[in-house]
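For reference, the chains in residue letters:
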Amino acid sequence: MKSQEKFFTRKMAPQTSARMVETIFGCKWSLTVYHLLENGINRPGEMVRSVDGLSTKVLNQCLKRNVDFGILDKVEYNEIPPRVEYSITEFGEKFVGVLAQISALQEDIDAQQSQNHN
């Protein structure tokens, strides 16, 4: 008699994307940077001037991580003074969409917990 049992392998979180989400959410400025870019603010100096508490050093670390992951694109212009601009890549648009879904999920969780405590 043949067994109708099905065997499944262990399902694991995708390592690269999980690390990327953790790194980006771990940087408290990444979401702010995306918001700035969506509003046409794409130069680092303008970003720092637009957000209280954001330092040039921290912004540069944040931008570098995002460029390394392929979320942002950096364009350096050979001008004097030098000019650098950032933009969200096509992949970055997809990634930002995923982050928006995670934020919406968190809002649902918060609402549900609020209802359970009332």
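This text follows the structure it describes.
Only a predicted model underlies this, so the values are computations on that prediction, with no experimental measurement involved. (Residues numbered from 1 in each chain as written. Predicted model: local features only at pLDDT ≥ 70, side-chain atom pairs only at ≥ 80, totals over all residues. Heavy atoms only, no water.)

Student: Explanation requested: the environment of Ala111 in the structure shown.
Tutor: With respect to the helices and strands, the residue Ala111 is situated in helix H5 (residues 90–117). Assessed through its relative accessible area of 40%, Ala111 is described here as partly exposed. Distance in space between the C-alpha atoms of Ala111 and Arg19 is 27 Å, their sequence separation being 92 residues. (Helix = DSSP H or I, 4+ residues; strand = E, 2+ residues; numbered from the N terminus. Buried < 20%, exposed > 50% of the residue type's maximum accessible area, 1.4 Å probe, protein only.)

Student: For this particular structure, what's the right way to read a nonpolar patch on the surface?
Tutor: On the surface, a cluster of nonpolar side chains totalling about 290 Å² of accessible area is made up of Phe25, Leu31, Val98 and Ile102. Inspection of the secondary structure assignment puts Leu31 in helix H2 (residues 30–38). Looking at Leu31, the relative accessible area reads 39%, which means it is partly exposed. (Patch = residues over 30% accessible without salt bridge, like charges linked within 9 Å, V, L, I, M, F, W, Y side chains within 5 Å. Areas by Shrake-Rupley, 256 points an atom, 1.4 Å probe, with all protein chains shown as cover. Salt bridge = Lys/Arg side-chain N within 4 Å of Asp/Glu carboxyl O.)

Student: Where do I start with the packing of aromatic side chains in this structure?
Tutor: Geometrically, a pair of aromatic rings is defined through the distance of the ring centres and the angle of the planes. Applying the stated rule across the entire model yields one aromatic pair. When the centroid spacing of 6.4 Å and the interplanar angle of 25° are considered together, the rings of Phe91 and Phe95 count as stacked. Separated by four residues within a single helix, Phe91 and Phe95 lie in helix H5, roughly one turn from each other. Directly above the aromatic system of Tyr77 lies the positively charged group of Arg83, at a separation of 3.7 Å from the ring centroid. (Phe/Tyr/Trp six-rings, centres within 6.5 Å; stacked < 30°, edge-to-face > 60°. Lys NZ or Arg CZ within 6 Å of the ring centre and 35° of its normal.)

Student: Could you clarify how one ought to interpret H5 in this entry?
Tutor: Note on helix geometry: an α-helix contains 3.6 residues per turn, so any two residues three or four positions apart are oriented the same way. With 28 residues, H5 should cover 40 Å at 1.5 Å per step; its first-to-last C-alpha distance of 41 Å lies within 8% of that length. All buried positions along H5 are accounted for by Gly92, Phe95, Val96 and Leu99. On its buried face, H5 is in contact with helix H1 (15–26), H2 and strand S2 (83–88). (Expected span 1.5 Å × (residues − 1). Contact = heavy atoms within 4.5 Å.)

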